[in-house]
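Take a look at the letters that make up each chain.
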Amino acid sequence: MTFSKPAKPFLAALAGQRQPRPPVWLMRQAGRYLPEYREIRARAASFLDFCYTPAFTVEATLQPIRRFGFDAAILFSDILVVPDALGQTVSFESGEGPRLDPITDAEGLSRLKAEPDWQKLSPVFETLDRLKTALPGDVALIGFCGAPWTVASYMIAGRGTPDQAPARLIAYRQPNLFAALIDRLVEASAEYLARQIAAGAEAVQVFDSWAGVLPPAEFERWCVKPVAALVAKVKAKAPKTPVIAFPRGAATQLAKFAGMAGVSAIGLDTAVEPAAAVAALPGDLALQGNLDPLALVAGGAALDEGIDRVLQGFGSRAHIFNLGHGILPETPVAHVERMMARVRSA
Ligand code: CP3
């Protein structure tokens, strides 16, 4: 039997159609491991200035597509532009990650705007609009946001921490305050994704990078339900646009998450056994993942074996080849090329 190649294999896989070879993209595929990214990044005064300048963000989005021929391009931006547009002070210290003016009480929450400053985010929509025509015809365009829990955890701690304890403590001690913050983020993020879709995003991904630090009851309340509400709001405005969720670390709670979130696909982290995910998750759900980013750094036999295990493990399903978390800055470009050649010849 011969397969006719769909116009965009990534979107076909998201629609639940198993592809003869899985489409490929990598989380954080644009960025510091690429010399051409470092070159343009050095021209911006700050990381946020870079994120709000379409000439930079269009180019950064296209760089990994030109170099590797991935099946999907992800908008170059950051999940923390939403708190920035809500009026929180956000900056990125080089080598140290994000710094935000922490929200720890009702007064801090009251300083946030009721909705994001859409004018501030207009470069994001302009970036998507320009990418529509700049991308090759078979490459899909992905928009994204952070999940409410993950974004809230940065807004409260003011930075990344090993286990996002500050947000977990506030959620226990001041649940009403925390719920109000989560609600604000559900509304803002749903509208933000709807506007990205209107500007040209053909699929959207919700990054819940800190989903794995919560116990089951808190996981359901602060991760699953807000993501489900966010997805329902996006679907009300753009019923046909597929939504991918990446609940990193959700482990034994993946089936609960998948059952409630209303998404088209689940991104799986490195710790998930592919066969277990195939068995546990509904058959119409596309699965994305989950090569260890460190295997991509290591290269050689570890990389080849890792790739083959991912391909075999998800082989029976609509699968999108990806990493189990973002690509690391120290990743050699040659290893990404090797990975592409191996996945493409599978
Ligand atoms: O995938 C892509 O190529 C698109 C770009 C993208 C960035 N951040 C660019 C970026 C995406 C999708 C993100 C998502 C993001 N941002 C997440 C979720 C995914 C994940 O990795 O867990 C999170 C938690 C953030 C918040 C964030 N932004 C952190 C913690 C950091 C510092 C750590 C780090 O990786 O540097 C950032 C900065 C950031 N975002 C950089 C890039 C390329 C590095 C800054 C620079 O280039 O100067």
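Just so you know, these numbers come straight off a predicted model, no measurement behind them.

S.K.: Please set out the pattern of salt bridges residue by residue, giving values where relevant.
M.R.: As enumerated under the stated definition, the model contains 18 salt bridges in all. Across the salt bridge formed by Glu191 and Arg195, the nearest N and O atoms sit 2.8 Å from each other. With Glu191 and Arg195 both in helix H10 (residues 175-199) and 4 residues apart, the pair spans about one turn of that helix. Overlapping salt bridges, with partners in common, bring together Asp304, Asp308, Arg338 and Arg342 in one network.

S.K.: I'd like a rundown of the packing of aromatic side chains, residues and numbers included.
M.R.: Tallied over the entire structure, the rule returns 15 aromatic pairs. Geometrically, the ring pair formed by Phe50 and Phe56 is stacked, given 5.0 Å between the ring centres and 5° between the ring planes. For the pair shown, Phe50 and Phe56 are each scored as buried. A ring pair is formed by Trp149 and Phe178, whose centres lie 5.9 Å apart and whose planes are at 70°; its orientation type is edge-to-face. Separated by 29 residues along the polypeptide, Trp149 in helix H8 (residues 148-157) and Phe178 in helix H10 bring together distant segments of the chain. The same class applies to Trp149 as to Phe178, namely buried. Ring-pair connections join several aromatic residues into one group, and the members of that group are Tyr37, Phe47, Phe50, Phe56, Phe76 and Phe92.

S.K.: Please set out empty space enclosed by the protein residue by residue, giving values where relevant.
M.R.: A probe matching the size of a water molecule, rolled over the atoms, marks out where space remains unfilled. Tallied over the entire structure, the rule returns 1 cavity of 30 Å³ or more. What the largest cavity holds in volume is close to 40 Å³. As for the largest cavity, its lining consists of Ile103, Leu109, Ile156, Ile170, Leu177, Phe178 and Leu181. The element contributing the most residues to the lining of the largest cavity is H10, with 3 residues. Residue composition of the lining of the largest cavity, by class: 7 nonpolar, no polar and no charged.

What counts and how
- Residues numbered from 1 in each chain as written.
- Predicted model: local features only at pLDDT ≥ 70, side-chain atom pairs only at ≥ 80, totals over all residues.
- Heavy atoms only, no water.
- Salt bridge = Lys/Arg side-chain N within 4 Å of Asp/Glu carboxyl O.
- Helix = DSSP H or I, 4+ residues; strand = E, 2+ residues; numbered from the N terminus.
- Phe/Tyr/Trp six-rings, centres within 6.5 Å; stacked < 30°, edge-to-face > 60°.
- Buried < 20%, exposed > 50% of the residue type's maximum accessible area, 1.4 Å probe, protein only.
- 1 Å grid on protein atoms, 1.4 Å probe; cavity = no way out; pocket = protein on both sides within 12 Å on 5 of 7 lines; lining within 4 Å.
- Points joined across faces, edges and corners; volume = space filled by probe spheres on them.
- Nonpolar A, V, L, I, M, F, W, Y, C, P; charged D, E, K, R; others polar.

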